[in-house]
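In case you want the letters, here they are:
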Amino acid sequence: MTITQLMWRMLQPDSTCYQSIFSHLSLQDSNESFAAVQPRLMKALAHLHYKNHINLPILLLHSQENNNYLSWIASASKLFQHTEIALYGGNYRIIDNKINLLPPNNSKDSFTSQGGIFYTNWIESEQLFGCVRQYKNALKLEPGLIHRANGGTLILSLNILLAQPLLWRRLRKCLEQGRFDWYTQEQNPPLPVFIPPLPLAVRLILCGDRNALASFEELNPEIYQIASYSEFEENLLILKDDDMRSWCRWILAQIKLLHLPQPEINFWPKLINEAVRMTGNQKILPLCPCWLRRQIEDIMLDSSSNLLNAKTLTSAVNMRLWQESFLTDHMRNEILFKQINIQTNGKVIGQINSLSTVDLRGHPRSWGEPSRITCVVYPGDGELIDVEHKAELSGNIHRKGVMIMKAYLISELELDEPLPFSASLVFEQSYSEIDGDSASLAELCVLISALSNQPLDQQIAVTGSVDQFGNIQAVGGLNQKIESFFDICNARCLTGKQGVILPANNANDLSLKEDVVNAVRTQRFFIWTIDRIEEALLLLTGIAWKNTQGKSLVDNIRKRIAQFQEQEKCYHAHHSRWLKWFNFIKLF
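Each value, and the rule that gives it
Residues numbered from 1 in each chain as written. Predicted model: local features only at pLDDT ≥ 70, side-chain atom pairs only at ≥ 80, totals over all residues. Heavy atoms only, no water. Helix = DSSP H or I, 4+ residues; strand = E, 2+ residues; numbered from the N terminus. Rg over C-alpha atoms; globule rule 2.2 N^0.38 Å. Buried < 20%, exposed > 50% of the residue type's maximum accessible area, 1.4 Å probe, protein only. Contact = heavy atoms within 4.5 Å. Areas by Shrake-Rupley, 256 points an atom, 1.4 Å probe, with all protein chains shown as cover. Arc of directions from axis to C-beta. Phe/Tyr/Trp six-rings, centres within 6.5 Å; stacked < 30°, edge-to-face > 60°. Lys NZ or Arg CZ within 6 Å of the ring centre and 35° of its normal. Expected span 1.5 Å × (residues − 1). Polar contact = N/O pair within 3.5 Å; in protein donor to acceptor, adjacent residues only side chain to side chain. Pairing = 2+ DSSP bridges. Axes fitted to C-alpha atoms, helices over the stretch in contact; angles between N-to-C directions. Core = buried A, V, L, I, M, F, W, Y, C linked by side-chain atoms within 4.5 Å. Left-handed = near helix turned anticlockwise from the far one by under 90°. Nonpolar A, V, L, I, M, F, W, Y, C, P; charged D, E, K, R; others polar.

Draft legend 1. The overall build of the protein chain, seen in detail. The helix and strand inventory of the protein chain stands at 22 helices and 27 strands. Its C-alpha radius of gyration of 33 Å places the protein chain more than 25% over the 25 Å reference for a compact globule of 588 residues. Seen through its C-alpha atoms, the protein chain measures out along the principal axes to roughly 120 × 75 × 40 Å. Here the protein chain holds 588 residues, and 48% of them are scored as buried. Long-range pairs, those at least 24 residues apart, make up 77% of the contacts in the protein chain between residues at least 6 apart in sequence. Of the roughly 29,600 Å² that the protein chain leaves accessible, carbon and sulfur atoms contribute 52%.

Draft legend 2. Seen up close, helix α3 (residues 39–48). Listed as buried for α3 are Leu 41, Met 42, Ala 44, Leu 45 and Leu 48. When α3 is viewed along its axis, its buried side chains cluster within an angular range of 160 degrees and face the same direction. Facing away from the buried side of α3 by over 90 degrees, the exposed positions are Arg 40 and Lys 43. In this structure, the buried residues of α3 make contact with α2 (33–37), β2 (58–62), α4 (67–78), β13 (203–208) and β14 (228–231).

Draft legend 3. Local environment of the packing of aromatic side chains. This model, assessed by the stated rule, comprises 16 aromatic pairs. With 5.7 Å between their ring centres and 70 degrees between their planes, Phe 34 and Phe 232 make a pair best called edge-to-face. Of this pair, Phe 34 sits in helix α2 while Phe 232 sits in the loop between β14 and β15 (235–237), and the two are 198 residues apart along the sequence. A relative accessible area of 7% places Phe 34 in the buried class. Ring-pair connections join several aromatic residues into one group, and the members of that group are Phe 34, Tyr 69, Trp 72, Phe 232 and Trp 250. We note Arg 170 situated over the ring of Phe 129; from NZ or CZ to the ring centre the distance is 4.5 Å. When the ring centre of Trp 8 is taken as origin, the NZ or CZ atom of Arg 521, which lies over that ring, is 4.0 Å away.

Draft legend 4. Structural context of helix α12 (residues 267–279). Between the first and last C-alpha of α12 there are 19 Å, a value that for 13 residues agrees with the 18 Å anticipated at 1.5 Å per step. Those residues of α12 not exposed but buried are Phe 267, Trp 268, Lys 270, Leu 271, Ile 272, Asn 273, Glu 274, Ala 275 and Val 276. Where α12 is buried, its residues touch α1 (19–23), α11 (241–257), β16 (284–286), α13 (289–302) and α14 (310–323). Where α12 terminates, the next one or two residues include Gly 280, which has phi positive at roughly 80 degrees.

Draft legend 5. View of the environment of Leu 413. Note that Leu 413 resides in helix α17 (residues 396–413). In sequence terms Leu 413 and Gln 262 are 151 residues apart; their C-alpha atoms lie 63 Å from each other. Excluding residues within four positions of it along the chain, Leu 413 makes contact with Leu 419, Val 554, Ile 557 and Arg 558.

Draft legend 6. View of the environment of His 24. Turning to its location among the elements, His 24 is positioned in the loop between α1 and α2. For His 24, a relative accessible area of 64% translates into the label exposed. Separated by 88 residues in the primary sequence, His 24 and Thr 112 place their C-alpha atoms 47 Å from one another. For His 24, the side chain forms a polar contact with the main-chain oxygen of Ser 20, separated by 2.6 Å. A polar atom in the side chain of His 24 sits 3.2 Å from the side chain of Ser 23.

Draft legend 7. Molecular detail of the sheet that holds strand β10 (residues 153–157). Strand order in the open sheet made by the five strands is β7-β10-β13-β2-β14, with parallel pairing throughout. Each edge of the open sheet carries a strand with a single partner, namely β7 (117–120) and β14. Averaged over neighbouring strand pairs, the angle between their axes works out to 20 degrees when direction is ignored. Here five bridges tie β10 to β13, and the two strands are oriented parallel to one another. Counted as the bridge partner of Thr 153 is Arg 203 from β13. Against the sheet, helix α8 (residues 165–177) makes contact with β2, β10 and β13, and its axis sits at roughly 145 degrees relative to β13, the strand it touches most.

Draft legend 8. Summary view of the side chain of Asp 487. Here Asp 487 lies in helix α19 (residues 478–491). Here Asp 487 falls in the buried class, since its relative accessible area comes to 19%. What Asp 487 contacts, discounting residues up to four positions off in sequence, is Arg 332 and Lys 513.

Draft legend 9. Local environment of unusual backbone geometry. Phi angles above zero are rare outside glycine, and Cys 493 is one such case at about 90 degrees. Of note, Cys 493 is situated in the loop between α19 and β26 (499–503). Among the residues examined, Cys 493 registers a relative accessible area of 55% and is labelled exposed. Positive phi values are uncommon outside glycine, yet Gln 523 reaches one of about 60 degrees. Summarising the element assignment, Gln 523 is placed in the loop between α20 (514–521) and β27 (526–530). Taking the relative accessible area as the measure of exposure, Gln 523 reaches 52% and is therefore exposed.

Draft legend 10. Layout of the nonpolar core. Residues Ile 205, Met 244, Trp 247, Trp 250 and Trp 268 are the most contacted members of the largest nonpolar core, which totals 54 residues. Looking at which element gives the most residues to this core, the answer is α11, with eight residues. Every residue in contact with Trp 268, bar those within four places of it in the chain, is listed here: Phe 22, Leu 25, Trp 247, Cys 248, Ile 251, Leu 252 and Pro 263. Formed by 46 residues, the second largest nonpolar core is a distinct cluster that contains Val 377, Ala 442, Val 466 and Leu 540.

Draft legend 11. Seen up close, the packing of α11 against α13. The contact between α11 and α13 brings their axes to 10 Å, and the two run at 60 degrees. In this structure, α11 crosses over α13, and the sense of that crossing is right-handed. Within the contact between the two elements, α11 uses Trp 247, Trp 250, Ile 251, Gln 254, Ile 255 and Leu 257 and α13 uses Pro 289, Leu 292, Arg 293 and Ile 296. Here the contact of α11 with α13 is built from residues that sort into eight nonpolar, one polar and one charged.

Encoded structure:
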């Protein structure tokens, strides 16, 4: 058995070993922060800006498409600009409606550029390509963003091009031919005069999510094969001190942009706690500039001063949580007022408290919610009925988890014939679709409880996934799940025996709020980690799954199977005797 009771120190990330790093940080250290946390992207940018780039100069970048991301990509690209001053494009001279193209000789000319880095997350055709205007027989050429970026780099949202296919077709032609050809806005009517094409040399960075990249690959497989590819990494794995130092310097870069003072030392442990809640792993910290900037800006909005410390960050986090927790409080109150039945005391056969997370479209955060799962058994042919699936309220992953636990149970019982009874599993008072396999451990435990006629402790909630061999697998949303059950128990008064069972592989994913940590410290609430289904059953029932003493859950199930089979034999014998008597009467 590998049941582990987690100590309070394990419920939050330990940042004490990084105190020396925190005390030696300076805002001046933030200058090279991007390169330290995005080495792959920096290498891709270096290749894109290499002077003798032989392939089509396009970099496909998995990245968010908002200005926070694009501005950082643009700043990093500037590091690879050529230092020599060069002019690109040309100078259009219009005389008597005749247009000539002269070589570039003045950077102030409309169609002469010195390169540079330009980005936008949305643009229309005229803004990108410019236009030809005619008024009273006078022609005027207006440049677009592509002309300003001539000789440099243009950073665009991939969804711009997917939403405007004609925009991409023209842009692609410009890149492939190395020149800009003029058209009218409608493209069908001819131009009133011939306009010489403009020499064009532009590097293109296209940023998009997985769906946008997949759509682009489907539409342009040949371009996708020759373009470079990289990613704006969202997280940083912390394995050594240098990793933590790089992450802190990346935070300082965000702070420097907002013109805020140096954070105090106690600011860092609190920020790391929030970061771990965001990533769900104590060894992984977020790099998302939007998330990081939001934490800092919340402090500025909530505090009368611009001080960055543990107190101001805690206050800002709590204020934002309060603003966004109406639905969370509403669901908790429904449980406390017993509109939703969740028991936190006693023992019940065929009933268990499972923990899940709720993701609601339009709501900025997910939250944890206890769920009551029940199971009943009755004479049958061994069918395991998933009521959620029958009612079309569950997804494929949940259905997969139900089939896996059924396979485990049949394998463990080593039966030569199907079970003589069927079972029905249901999430009680659940009225929306559920999915995922994080409830499969709870469902297997409640099924075994119903089969063995052994009650489960309602003071313990369960989360985890199970495989066909009975191993417990990691799941997500641990902090929200644990806190949701704790809040219910705490509101009803902690008994000192309540707690949560979770997979051992999730032990390093925790960053719980202080009141949970304090309750665990004073042994008023417990958190156990397990590796096997047998360990969960022992905690919930107090009885072993298997042993040689003749008193185990498996023995109880086999005895109950024997009782069912004996009852079935008696029924058939009784029915056969009456049938013979009826046939005898018919002979006369």
